[in-house]
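Fold and contact review
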Amino acid sequence: MPESNRSIYFATGNKHKFDEAKDILKNYNIKVIMIRKKAEEIQSDDLKKIARHALLKALESCKSPIIVEDAGLFVKTLKGFPGPYSSYVHRTLGIDGIIELIKNKSGREAEFRSVVAYGDSSMIKTFEGVVKGMVILRPRGISGFGFDPIFIPRGLRRTFAEMTLKEKNKYSHRAIALREFAEWYLGSHL
Ligand code: IMP
């Protein structure tokens, strides 16, 4: 069992995601314990389906209550690509590959989407977060991970990779989904 009914597990192979979640959830007095497990991913166009599948797998083999998270970068001029395939595309084409794909196209609008899936012995529930912004052709910054160096949230001038973790957490898709989750969790676990 977690140390208190305000402790949850987070199954992820991504320490950055864990650090972001820890920082958000501590504001709600929810302790998060990392289970270093790369979520088993299915291929789907739908982040929610991917997150639910990963959660069901995690519930089979890990302790609960537990969350998993699935996210992606959706670039408008690429009709939403890489979207749910972001992890694979980042590993293969990388940031440069995305820049190559968009450099001769017009329009830089993009959004990050995140789905947090929560599960315990009696239920599962999902929470979504979206941050709109733009992608840029010259990566900037060294913080964070993934496509952070080429994404600027709408209304701001700096990329996620030029922000501290706390700044990124003011705007990010993951932070929005996690805050939704935390509000619900506290409301139902008083
Ligand atoms: P997954 O959620 O682990 O499947 O990863 C999705 C991929 O999308 C990651 O490998 C990153 O390349 C990218 N991604 C998701 N969230 C973020 C973020 O907050 N910043 C930068 N890249 C992200």
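If you're wondering where the values come from, they're calculated on a predicted model, not measured in any experiment.

Glancing now at the overall build of the chain. Secondary structure assignment for the chain yields six helices and six strands. In sequence order, the chain lays out its α and β elements as β-α-β-α-β-α-α-β-β-β-α-α. In terms of C-alpha radius of gyration, the chain reaches 16 Å, essentially the compact-globule figure of 16 Å for 190 residues. Judged by the C-alpha coordinates and their principal axes, the chain covers about 55 × 30 × 25 Å. Put simply, the chain has 190 residues, and 49% of those count as buried. Nonlocal contacts in the chain, meaning residues at least 24 apart in sequence, comprise 60% of its contacts between residues at least 6 apart. For the chain, the accessible surface area stands at approximately 9,900 Å², while carbon and sulfur atoms represent 51% of it.

Mapped onto the fold, valine 130 is located in strand E5 (residues 124–135). Judged by its relative accessible area of 40%, valine 130 falls in the partly exposed class. Each C-alpha atom, one on valine 130 and one on asparagine 104, is 26 Å from the other, the two residues being 26 residues apart in sequence. Once residues within four sequence positions are removed from consideration, valine 130 is found in contact with Glu111, Phe112, Arg113, His173 and Ile176.

Another point: the packing of helix H1 (residues 15–26) against helix H6 (residues 173–188). As a packed pair, H1 and H6 sit with axes 10 Å apart at the nearest point and diverge in direction by 45 degrees. The orientation of H1 relative to H6 falls into the category oblique. At the point where H1 passes H6, the crossing takes the right-handed sense. Across the interface between the two elements, Lys17, Glu20, Ala21, Ile24 and Leu25 of H1 pack against Arg174, Ala175, Leu178, Arg179, Phe181 and Ala182 of H6. Broken down by class, the residue content of the contact of H1 with H6 amounts to seven nonpolar, no polar and four charged.

Parameters at a glance
- Residues numbered from 1 in each chain as written.
- Predicted model: local features only at pLDDT ≥ 70, side-chain atom pairs only at ≥ 80, totals over all residues.
- Heavy atoms only, no water.
- Helix = DSSP H or I, 4+ residues; strand = E, 2+ residues; numbered from the N terminus.
- Rg over C-alpha atoms; globule rule 2.2 N^0.38 Å.
- Buried < 20%, exposed > 50% of the residue type's maximum accessible area, 1.4 Å probe, protein only.
- Contact = heavy atoms within 4.5 Å.
- Areas by Shrake-Rupley, 256 points an atom, 1.4 Å probe, with all protein chains shown as cover.
- Axes fitted to C-alpha atoms, helices over the stretch in contact; angles between N-to-C directions.
- Parallel < 35°, antiparallel > 145°, perpendicular 65-115°, else oblique.
- Left-handed = near helix turned anticlockwise from the far one by under 90°.
- Nonpolar A, V, L, I, M, F, W, Y, C, P; charged D, E, K, R; others polar.

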